[in-house]
Amino acid sequence: MKKIKHRELALTSEPPPPIVDLCDNLATRKECIRLVESKLDTSFDTVVRRLFLVMPPDMTGKDFDVEKARRRRYRNYPAYGLGLLAAKIRQFFPDIEVHVVNLNHEILKSANNDGNFEFANSLNQIITNRISTKNPCFVALTCMFSQTHDSLVNVCNVLRQRLKNVPLGVGGVHVTNSFANEQTRKNLINDLKFCDFFFRYEGEESFIQFLDVINGNDKVESLAQLACRATNNSLIEFKRKLVPEKKHINIITAHDLLDTKDLSKFGNIGSFYCHKPVDAKFSTVLSNRGCRAQCSFCSVRNFNGVGVRRRSVESVLEELKVLRYEHDIDHIMWLDDDFLYDRAESLKLFDLLIKENLGMTWDCSNGVIAASCKEDVMSAAEEAGCIGLLIGMESGSRRVLREIKKPGTVDTFLRAAEVLRTKTKINSRVFLMIGFPGETFSEIYETVSVASQMNLDWHQIAVLQPLPNTPIYESMLAEGLIEADFDSIRWNTGSIGKGKNSRDDDIPSDLQACDFKDAFRLKDMSAIPSRRELDDIWAYMNFHLNFNKLFFERRSEKLRQQYNYLLSLSGVVVPENVFAIYFTAYLQMQAEGKVDSSLYENLKVVLNSSAYWRDRFAEFGLHPEHLLEGKFPAGIDYIRDAIASEADLPTQLE
Ligand code: SF4
């Protein structure tokens, strides 16, 4: 391929492309083109021959806990989106040598294998060995979550120290979301001062276009979904969209570049890993892109656009075979935001999975839409290997559900739960959220009541964290309910998390001050809870809907699932949570007829160090001696009792 000098390209007489000049003193589109050409000329001496696609660690060294890493507490997902880019690059540019470096995986591996592990040293070493000594022509980084922002900045800074003249680019969900708002865009551009190329939205098509321009096969005017820091430090944005259409998404990610076999050795994938043997190999697959719904708190459509683009069942099945037969994968998590979007296609996929008998299981940790959980679909899903899913419910209040545009009504959720309760092999959980604008104690209590009536296996409860560039954020800002504090936005913003400040796996330190047993008592139920009261309610819901409910479980398959999950909670996720320890012991007693003395010892240590937890324990009639004696209370169903005794509470059970 011959490299054409960009400066020599003539502007066409076609309508001008939608280039936005973000710098006041740049007068013309022609001048913008000239500046970008100049930038590309100075950035790329030759055609791109060796390209590095990099995923930063999930966090910086400041937040990294080596002990957590060694007990496999952190997630370790494949760099799936980079694998898709790599597959496209291989298809269109067979001469380009493409590498994917998953620094999150590399750091976790180093923390596990190196007794003298130190985060900054390890990261520097890995970047040197895997990237900077390999003569890259271009390094492009991805960032999915805004909570990874600081880590992305750190990796870019390290790369710039080692690669003085190699151009750096960034893309992914976080970068795309940041560009949707002027302030977040400014923050991003300023923080990433060594990056010159910012890729927005799904990049398979626009990145190929970018390489075409760099390698002299196309004109600068054809660039799309890209912002370029020009030579005069202004930002020139090519807003034209090049979204991969249906025909472009039947592609198998380059799993051979993604450390696929090793990921689960050093971290976890999805929410259901506890239900598989400890040496099971996990990976991920993306089937449908986007979501049919438009929940007001969700940022998925900022990246994927409105609606769903469906990948062919044949292509999905082909990828599953690659994972099973070439990489020995035992379990996959679907990355989809609307996995069950098309009932007929879902049934077709499940039917093929049953016939192929791949010996793989799967889960939907990102959640499915309750209305799709029909009897035939869930029966086929269970037979086809589904072992876990979450349904997105958020609220049991009809008003709140309408306000947040949740796809589904209270009746939809109750019907879905009725189906799922009969699919005992599927561990069925529910996403709940509290703290919506104007949401009262009474409305949150409706959520508790409906969730209790649904009687599914676990609830992942979150306090609303409104994300910039979502409808709920804009309306709360307009009403003065929140301030535009972008620095505090460091929560999940991608397909995983969807903006939830989820606390399922963590007990925040401020809860040490909570008194949650009576979170709903002595309250004006028409009042809106304060932030502190939301923390009380969160703890109340977590205890009653999750832990206390275990006293009433009688089904052997469910007891087995819950025991696996509690073992993971008390052993890996939150080893100092007294409820997790206590109920692990309770379920161990049901499963094995005895309780490990180590659980009793752990519980005593935590209780001895915390008057708060001792009080909570006493309030609920729990005692460490139960573990020693192997005798546990029969349990009190506080929620049903409360509902029965307080007929004036506006519950859905009345
Ligand atoms: S929260 Fe879930 S259902 Fe709602 S728009 Fe986002 S992905 Fe779709």
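In this text the structure is predicted, and so the values were computed from the model without any measurement.

A. Structural detail: the overall build of the chain. Summing up its helical and strand segments, the chain has 25 helices and 17 strands in all. Within the span of the chain, comprising 654 residues, buried residues form 60% of the whole. Relative to all contacts within the chain whose residues are 6 or more apart in sequence, the contacts with residues 24 or more apart total 79%. Total accessible area on the chain stands at roughly 25,700 Å², and carbon and sulfur atoms take up 48% of it.

B. Structural view of the environment of Y201. Its location among the elements puts Y201 in the loop between strand 6 (197-199) and helix 9 (204-214). On a C-alpha basis, the gap between Y201 and N177 in space is 8.7 Å, while along the polypeptide they are 24 residues apart.

C. Layout of the nonpolar core. Counting 73 residues, the largest nonpolar core has W334, F350, W362, M378, I391, F520 and M541 as the members making the most contacts within it. If you count residues domain by domain, this core takes at least three from each of domain 1 (20-238) and domain 2 (268-506). Sequence-distant contacts of F350, that is, excluding residues within four places in its chain, are made with F339, L340, W362, V377, A380, A381 and A384. Grouped together as the second largest cluster of nonpolar side chains are 40 residues, M59, C143, V170 and C195 included.

D. Seen up close, the pattern of salt bridges. Taken as a whole and assessed by the stated rule, the structure comprises 40 salt bridges. Between D63 and K62 there is a salt bridge, with the nearest N and O atoms lying 3.9 Å from each other. According to the relative accessible area criterion, K62 is exposed, its value standing at 72%. Shared partners join several salt bridges into a network, and the residues in it are E202, E204, R289 and R309.

E. Representation of the environment of E403 within the structure. Note on placement: E403 falls in helix 15 (residues 398-403). Judged by its relative accessible area of 54%, E403 falls in the exposed class. Placed 69 residues apart in sequence, E403 and I472 show a C-alpha to C-alpha distance of 9.4 Å.

F. Local environment of the packing of helix 5 (residues 119-130) against helix 6 (residues 149-162). Packing of helix 5 against helix 6 brings their axes to within 11 Å, and their N-to-C directions diverge by 55°. With respect to helix 6, the element helix 5 is oriented oblique. Between helix 5 and helix 6 the crossing geometry is right-handed. Listed contacts from helix 6 to L123, N124, I127 and T128 of helix 5 are N154, V155, V158, L159 and R162. Residue classes in the contact of helix 5 with helix 6 are distributed as five nonpolar, three polar and one charged.

G. Geometry of the pairing of strand 9 (residues 282-285). Burial along strand 9 is two-sided: the residues F282 and T284 and S283 and V285 are all buried. Inspection of the sheet shows strand 9 paired to strand 12 (residues 331-334) by four bridges, in the parallel sense. By the bridge assignment for strand 12, T284 is matched with M333.

H. Structural context of the side chain of E204. Relative to the helices and strands, E204 is located in helix 9. Here E204 falls in the buried class, since its relative accessible area comes to 4%. If we ignore the near neighbours within four places in the chain, the residues touching E204 are L84, L85, K88, P244 and R289.

I. Local environment of helix 4 (residues 103-113). By the criterion of burial, helix 4 is predominantly enclosed, with eight of the 11 residues buried. Buried residues belonging to helix 4 abut strand 2 (50-55), helix 2 (66-70), strand 3 (97-102), helix 5, helix 6 and helix 10 (263-266).

J. Molecular detail of helix 20 (residues 556-573). Helix length check: helix 20, at 18 residues, gives a terminal C-alpha distance of 24 Å against a target of 26 Å (1.5 Å per residue), a fit within 8%. By the criterion of burial, helix 20 is predominantly enclosed, with 13 of the 18 residues buried.

K. Unusual backbone geometry, seen in detail. Phi angles above zero are rare outside glycine, and Q225 is one such case at about 50°. By the element assignment, Q225 lies in the loop between helix 9 and strand 7 (226-229). By relative accessible area, Q225 is classed as buried at 1%. Positive phi is not limited to glycine here, since N455 has a value of about 55°. For N455, the position within the fold is in the loop between helix 17 (441-454) and strand 16 (458-464). Taking the relative accessible area as the measure of exposure, N455 reaches 31% and is therefore partly exposed.

L. Spotlight on the packing of aromatic side chains. With the rule as written, the count across this model stands at 39 aromatic pairs. Between F64 and F119, the aromatic rings sit 5.2 Å apart at their centres with planes inclined by 55°, giving tilted as the arrangement. Of this pair, F64 sits in the loop between strand 2 and helix 2 while F119 sits in helix 5, placing them 55 residues apart in sequence. Accessibility expressed as a relative area gives 13% for F64, which makes it buried. Among the residues examined, F119 registers a relative accessible area of 8% and is labelled buried. In this structure, K241 is placed above the aromatic ring of Y201, and the distance from its NZ or CZ to the ring centre is 4.1 Å. The lysine or arginine in question, R429, covers the ring of Y565, its NZ or CZ lying 4.2 Å from the ring centre.

Procedures and definitions
- Residues numbered from 1 in each chain as written.
- Predicted model: local features only at pLDDT ≥ 70, side-chain atom pairs only at ≥ 80, totals over all residues.
- Heavy atoms only, no water.
- Helix = DSSP H or I, 4+ residues; strand = E, 2+ residues; numbered from the N terminus.
- Buried < 20%, exposed > 50% of the residue type's maximum accessible area, 1.4 Å probe, protein only.
- Contact = heavy atoms within 4.5 Å.
- Areas by Shrake-Rupley, 256 points an atom, 1.4 Å probe, with all protein chains shown as cover.
- Core = buried A, V, L, I, M, F, W, Y, C linked by side-chain atoms within 4.5 Å.
- Domains from an automatic or database assignment.
- Salt bridge = Lys/Arg side-chain N within 4 Å of Asp/Glu carboxyl O.
- Axes fitted to C-alpha atoms, helices over the stretch in contact; angles between N-to-C directions.
- Parallel < 35°, antiparallel > 145°, perpendicular 65-115°, else oblique.
- Left-handed = near helix turned anticlockwise from the far one by under 90°.
- Nonpolar A, V, L, I, M, F, W, Y, C, P; charged D, E, K, R; others polar.
- Pairing = 2+ DSSP bridges.
- Expected span 1.5 Å × (residues − 1).
- Phe/Tyr/Trp six-rings, centres within 6.5 Å; stacked < 30°, edge-to-face > 60°.
- Lys NZ or Arg CZ within 6 Å of the ring centre and 35° of its normal.

Function cannot be inferred from these measures alone, as they are strictly geometric.
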